[in-house]
Amino acid sequence: MPVLDVAPFRPDNAHLNSAYATEIWNVLRAESSYIPFKALQAFTAQVGAVPLGGITIRDDDGLTHIFCGTAGKLWKLDNTTLTWEDVSKAATTYSATIDERWRFKYYKPYVVAVNINDDPQYYQIGTSTDFANLPGTPPRMRQIAVTGDRLSGVDDDTMYWCDTDDISNWTTGTSGSQKFPDGGKLMGLTDATNPLIFQKAKIRLGTFVPGSLETFSFQTLHDQRGAAAPYSICTRGAVTFFADSGAFFMISSDGQISPIGFEKVDRTIFGQISGVGLTRIFGEIDPFYSRVYFAIQVESATDAFDRMLCYDWQIGEWTQIRMSLNILFPLASGTIGYTLAGLDTISATLAGLPFPLGSKVWQGGAPVMAAFDSNGALGFFQGANAEATIVTQELGDPAAGVTRFNEVVPIVDVDDFSDLRLSVGSRMRRTDTINWTSEFTPSTNTGIGRKNVRARFNRIKTVISAGANWTHCQGVSINSTSAGLR
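What comes next concerns the included structure. Small disclaimer: the values here were computed from a predicted structure and weren't measured.

### What to know about the pairing of strand E6 (residues 54-58)
Line of reasoning, step 1. Where E6 and strand E7 (residues 64-69) come together, five bridges link them in antiparallel fashion. Pairing of Arg-58 across the sheet is with Thr-64, part of E7.
Line of reasoning, step 2. If you look at the hairpin formed by E6 and E7, you'll find five residues sitting between the two strands, and Gly-62 has a positive phi there, around 80°.

### Some details on the nonpolar core
Line of reasoning, step 1. Counting residues in hydrophobic clusters, the biggest one holds 39 residues, and the most contacted among them are Phe-241, Phe-248, Ile-281, Trp-318 and Trp-470.
Line of reasoning, step 2. Sorting the residues of this core by element identifies strand E23 (239-243), strand E24 (248-252), helix H1 (266-272), strand E27 (291-296), strand E28 (305-312) and strand E32 (388-391) as the ones contributing at least two each.
Line of reasoning, step 3. In terms of nonpolar packing, the next biggest core, distinct from the first, is built from 34 residues, Ala-30, Tyr-293, Leu-325 and Leu-328 among them.

### Concerning unusual backbone geometry
Line of reasoning, step 1. The omega angle of the peptide bond from Lys-108 to Pro-109 is 5°, so this bond is cis rather than trans.
Line of reasoning, step 2. Structurally, Pro-109 is set in the loop between strand E10 (103-107) and strand E11 (110-114).
Line of reasoning, step 3. Although it is not a glycine, Asp-165 adopts a positive phi angle of roughly 55°.
Line of reasoning, step 4. When its relative accessible area of 57% is taken as the criterion, Asp-165 is described as exposed.
Line of reasoning, step 5. Located in the positive-phi region is Thr-215, a residue other than glycine, with phi close to 70°.
Line of reasoning, step 6. Tracing the backbone through its elements, the reader meets Thr-215 in the loop between strand E20 (202-208) and strand E21 (216-223).

### Observations concerning the sheet that holds strand E25 (residues 257-258)
Line of reasoning, step 1. With antiparallel pairing, the four strands of this open sheet are ordered in space as E22-E23-E24-E25. The open sheet terminates on both sides in strands that have one partner only, identified here as strand E22 (234-236) and E25.
Line of reasoning, step 2. The pairing of E22 with E23 spans three bridges and is classified as antiparallel. Within the sheet, the bridge partner assigned to Cys-234 lies in E23 and is Phe-241.

Here is what the cut-offs are and how they apply
Residues numbered from 1 in each chain as written. Predicted model: local features only at pLDDT ≥ 70, side-chain atom pairs only at ≥ 80, totals over all residues. Heavy atoms only, no water. Pairing = 2+ DSSP bridges. Helix = DSSP H or I, 4+ residues; strand = E, 2+ residues; numbered from the N terminus. Core = buried A, V, L, I, M, F, W, Y, C linked by side-chain atoms within 4.5 Å. Buried < 20%, exposed > 50% of the residue type's maximum accessible area, 1.4 Å probe, protein only.

Below, the structure is given as structure tokens:
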């Protein structure tokens, strides 16, 4: 029986007898297979409103602190009760929105939080009990970044930076600002001594000039190319990802740009996003693996995201995930374990451990990916394996040859074949709607799924049930014969 290897998810490409698939759900890409995506499992209490930004930091004592912001309040996680404490400035209701979110940075020992509608806030780790207005005369900023030994930020048309090692001084010394009269609205900047500055239609490089009165010099790297979605901009080390009006990009710290979605997902995905959905794309990089996630809104009638796109930049391929969430949120591993009195406290709080003791959630070392779900609870992607759907490319004879399928063997190392559901999608003409057979399961003895289908064009769908125990799906083996011409 010939083997049909798993096909990369490239909905922008033609799929007849190609090497690409149009439908892949709830899996991650490995070098020669698809691997499970673990469901989001809530860990904390709900924050009480829609989370609009957050940060996790680890201080010099190894203690982890988690903050988040909602429209009107700023919150800190109580690591003992796993509930959220209101740490807003006294007698203050903030004015963040779904389109003007909170952005946080850790500038030791301070956590700084900004949105364009409110005065910048700060919280000193180990000292503060509530946020307060950032001292001095800092401007209101949409995005902030740590640029070497200073904090920098942007509003609609100007980049600002504080004095060296002094976030309270925005007026003297080496503090300063630079207005950009062309290139459109400022969208964000990167954490780097020499930051990339994103506008709606321009990308610039700011070069730190020691001893200069100007502090930074600026040059245009890309004209008529920028970030349409300010919260899609995300950086890890020397790589940054962002979404423009109709495409996803990766850019290096020296300005080399790669169109990572070109002829893969751009045309399809941006054709599904409309209106404010484009500007709300939310990006975050996995803190450990070479994966970047973009949360998008396609079908949801609420403000929650209903889909994630995952791009593995080492492999160069995409997958997509169905889920409802508010924001993505990378966390240091061992986040809760550092400050809880012990596992008995967790059991008492949550009526049982939500994750096995071997989970990264409890370990020091590698960080983990997390998110706030649509209910406002923080969770980790450490739950059971999500239901996976993997569809092959379409196979057929354009010259009227008809094929009969009668046996399909999914190449999945699943513990129980009853956790697999197969179906064959067929049509006689490329313009016909695909007709899917009823689902059938492979034999528990042989792993062979039997279904007689006769058509010119066929594709095979493998669904792996939620909670099934498996590690790799490598494709399907098929048994087919010619059934003449039509």
